[in-house]
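# Chains, contacts and geometry: an overview
Listed below are the residues making up each chain.
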Amino acid sequence: MSIIKINNLEKQFPVGDGFFTALSDINIEVKKGEFAGLIGPSGSGKTTLLNIIGSLDTPTKGTAEVMGKSIAELSYKQSAGLRNRHIGFIFQTYNLLPVYTVFENVEFSLLLQKMSAVERKKAVMQALEWVGLTDKVDSKPSMLSGGECQRVAIARAMVKRPEIVLADEPTANLDSENSHHILRTMKKLNKELGVTFVFSTHDEKVMQYLDRIIALEDGKVLRDETQEEFAVRKNSQIYKTK
Amino acid sequence: MIAIKLAYKNLVGAGLRTWLNVSVLSFAFVLMIFYNGMIEGWNRQARNDTQDWEIGEGQYWEQSYDRYDPYTFQDAHKPVSEDIAAMIDRGELTPILVRQANMYPEGRMQSVLLKGVDPNQKILKLPTSDLNNVQNGYSAIIGRRMADDAGLKVGDKVLVRWRDKNGMFDAIDINIAAIFKTDVPSVENGQMYLDINVLQEMIGLPNQATLLVAGDNSSLSEIDGWNFKTTDFLLKEFDALIQSKKAGGMVMSGMLLLIALLAIFDTQVLSIFRRQKEIGTYIALGMTRSQVVGIFTVEGGAHSILAAIVGAAYGIPLFLWLDNIGLSFGSSSQDMGIAVADIIYPYYSIGMILSSLLLVVISATIVSYLPARKISKMRPTDALKGKLQ
Ligand SMILES: Nc1ncnc2c1ncn2[C@@H]1O[C@H](COP(=O)(O)OP(=O)(O)OP(=O)(O)O)[C@@H](O)[C@H]1O
Ligand SMILES: [Mg+2]
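All values reported here derive from a predicted model rather than from experimental measurement.

Calculation notes
Residues numbered from 1 in each chain as written. Chains lettered and ligands numbered in written order. Predicted model: local features only at pLDDT ≥ 70, side-chain atom pairs only at ≥ 80, totals over all residues. Heavy atoms only, no water. Core = buried A, V, L, I, M, F, W, Y, C linked by side-chain atoms within 4.5 Å. Buried < 20%, exposed > 50% of the residue type's maximum accessible area, 1.4 Å probe, protein only. Axes fitted to C-alpha atoms, helices over the stretch in contact; angles between N-to-C directions. Helix = DSSP H or I, 4+ residues; strand = E, 2+ residues; numbered from the N terminus. Parallel < 35°, antiparallel > 145°, perpendicular 65-115°, else oblique. Nonpolar A, V, L, I, M, F, W, Y, C, P; charged D, E, K, R; others polar. Phe/Tyr/Trp six-rings, centres within 6.5 Å; stacked < 30°, edge-to-face > 60°. Near = heavy atom within 4 Å. Polar contact = N/O pair within 3.5 Å; in protein donor to acceptor, adjacent residues only side chain to side chain. Areas by Shrake-Rupley, 256 points an atom, 1.4 Å probe, with all protein chains shown as cover. Pairing = 2+ DSSP bridges. Contact = heavy atoms within 4.5 Å. Left-handed = near helix turned anticlockwise from the far one by under 90°.

## With respect to the nonpolar core
- Ranked by size, the top nonpolar core spans 50 residues in total, and within it Ile6, Leu49 and Phe108 of chain A together with Tyr282 and Phe296 of chain B carry the most contacts.
- The next biggest cluster of nonpolar side chains, apart from the first, holds 43 residues, and it includes Leu110, Val159, Val195 and Ala215 of chain A.

Listed below in structure tokens is the structure:
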């Protein structure tokens, strides 16, 4: 069952008098529970595609269906509801609210859902346990390390038990140890809760965790392969160049 | 609720800038209340004083009398009927006879209004009883400022010249029996109070009066041949002055409010510009753009709530203190020609405080909303990049 279904998608941005085509001819299906990543050079369209899947943007042509709903046809309110309940975002720059404590940052989306305080507390503590930050509930983001901030962001994305988590270069600002820690955490959540993850990344460390790797180039899908295919091709390339 | 909590955290988190805005706004707020309170306090005191000293519960004017037109004074008098005399005896009315005259203190000519009053009247605060214990015939009491202006002291004699009922000039030395102190300039400026019987005799108009002042126990009913003037009518000029003072005060606190509002507007514009990424994050977390507009509007508007709290923190003690000691305007204020007590006690009404509060809250919310509206035109992806403009 595919949770994300992208058909002949094209995305253009107005630039000056004309248009810049950031994505074209994109056809991708992502099944529930996948741990997939978009890779490709800078400017290849990874963020643009993630934004459309996250209903923060709409396609120019073609369709993007998320959980059976066409992104282009959602009202503001419906797309806000979709993001609030079903899609978690993780950003390269963490994007935590600086005036809120860790607890409050994680709690935020639940407040929009009008959940009771008791339930909220339970869910927040559970999410912080997943990322191993139960001892930092009352800290402000400014007091945390980058790795800790990103773990808070993961807890914030996970607390509402979303179907999909979209992570745009989540490790770009982290050192190797923190990157591995974060990826292991996300992989675990993916296995245990069946949450679908879609990454965008340049990071080799991330790629080795992905089950599926979709390579973009100049706004087009260059390759769409499994971890095994990817690894084999990599090895053979290394072999060839030797 | 989430907006309020967030607003509070963001405001307090913004530190100095917030407190700067809040202090200016609270200052506008406190000044607005203070100024209105002063004016209202003055208004109430001055109305009371003017009533006590001059106009009582209203006045009955002889039909041709017009206090604003001295040319009417010559003929504005008529006999006091038996009915009226009975009312005077019961303390419901007191008669005053008015006559234009000249006096010559130290040889200078100065016009003066002679007013004949009943030495035994109890309606006005004028110390008319001082006219009772005088031995030598023609005596008068005058106010202190009048005495200073004319250079007169108690016991001085001053030459007064007037026309009698036939228009014939007559002159006599009048003895200053007493000098009284009042906060109501209109009751003393250019005026001299004599026993009404003496004045009637001087002019040759026995038992006549120009106007009748009504006391507390007067029924204020119509009296044939006399025009009743209400206190509102008699205080008309004063009310107009109060209104203009109030408007002046509004302009002053309005300017201050405007400065505070501009500062909030500026803060809002800046914070919306600087916090694009945060705005994008709210949207990614599932807020609609109008909800984010709401957050920023509440946040800006909350300046006014903080201002009210801060204003109350220093305003209430200040007001209580002023209420105790009153505020002195010094003697210079006596030149205003209108009743000003030496010490004014401000008067604060709940309605005035609430409407000031409402004005501040609503205007702060509006200036916060105006820049926040821009958020609803932002594309969330641009906001997340934080790269607008
Ligand atoms: N709002 C926009 N207006 C115009 N062009 C845009 C806009 N957003 C993206 N682009 C262009 O679309 C292309 C794809 O951008 P995108 O951000 O998706 O790339 P990316 O693969 O995420 O790159 P990176 O790895 O650097 O994050 C880029 O060339 C970019 O300049
Ligand atoms: Mg990108």
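## Some words on the packing of helix H2 (residues 16-55) of chain B against helix H7 (residues 236-274) of chain B
Residues and elements named next belong to chain B.
- One can describe the packing of H2 onto H7 by two numbers: an axis separation of 9 Å at closest approach and a directional angle of 175°. By the angle class used here, H2 and H7 are roughly antiparallel.
- For the contact of H2 with H7, a count of residues per class yields 22 nonpolar, 6 polar and 7 charged.

## Examining the packing of aromatic side chains
Residue and element names in this part refer to chain B.
- Tallied over the entire structure, the rule returns 14 aromatic pairs over all chains.
- Taking 5.7 Å as the distance between ring centres and 25° as the angle between the ring planes, the aromatic pair formed by Trp53 and Phe180 counts as stacked. Here Phe180 lies in strand S7 (residues 169-180) and Trp53 lies in helix H2, a separation of 127 residues in the sequence.
- You can call Trp53 buried: its relative accessible area is 9%.

## A look at the site of ligand 1
- Close to ligand 1 lie 15 residues; Ser42, Gly43, Lys46, Thr47 and Thr48 of chain A are nearest.
- With respect to ligand 1, its neighbouring residues span chains A and B.
- Take His202 of chain A: an N or O atom from its side chain is 3.3 Å from an oxygen atom of ligand 1.
- Bound to the protein, ligand 1 loses 71% of the 630 Å² it would expose on its own.
- Among the elements of the structure, strand S2 (18-31) and helix H1 (46-53) of chain A together with helix H11 (380-385) of chain B are those that each provide at least two residues to the shell around ligand 1.
- When residues of the shell around ligand 1 are assigned to their parent elements, the largest contribution, 3 residues, is made by H1 of chain A.
- Residue classes in the shell around ligand 1 are distributed as 4 nonpolar, 7 polar and 4 charged.

## As for the sheet that holds strand S5 (residues 69-70) of chain A
Residues and elements named next belong to chain A.
- What the 4 strands build is an open sheet, ordered S2-S1-S4-S5; its pairing is antiparallel. Looking at which strands have only one partner, the edges of the open sheet turn out to be S2 and S5.
- Both strand S4 (residues 61-66) and S5 contribute to a ladder of 2 bridges, which runs antiparallel. Residue Val66 lies in a different strand from S5, and its bridge partner there is Lys69.
- Lying over the sheet, H1 contacts strand S1 (2-15), S2 and S4, oriented at roughly 120° with respect to S1.

## Some details on the sheet that holds strand S3 (residues 35-39) of chain A
Residue and element names in this part refer to chain A.
- Reading across from one edge, S6-S7-S8-S3-S9-S10 is the order of the 6 strands in this open sheet, with mixed pairing throughout. For this open sheet the edge positions go to strand S6 (87-90) and strand S10 (220-226), each flanked by a neighbour on one side alone. The mean inter-strand angle of the sheet, taken between neighbouring strand axes irrespective of direction, is 15°.

## What to know about the environment of Ser253 of chain B
All names here are of chain B.
- Here Ser253 lies in helix H7.
- Judged by its relative accessible area of 2%, Ser253 falls in the buried class.
- For Ser253 and Ala28, which are 225 residues apart along the polypeptide, the C-alpha to C-alpha distance reads 5.6 Å.
- With residues near it in sequence (within four places) discarded, Ser253 still touches Ala28, Leu31 and Met32.

## Things to note about the packing of helix H3 (residues 102-112) of chain A against helix H4 (residues 117-130) of chain A
Residues and elements named next belong to chain A.
- The contact between H3 and H4 brings their axes to 9 Å, and the two run at 125°. Taken together, the axes of H3 and H4 are oblique relative to one another. Crossing of H3 over H4 shows right-handed handedness. Residues Val102, Phe103, Val106, Glu107, Leu110 and Leu111 of H3 form the contact with H4, whose own contacting residues are Arg120, Lys121, Ala123, Val124, Met125, Ala127 and Leu128.

These figures capture arrangement, not role.
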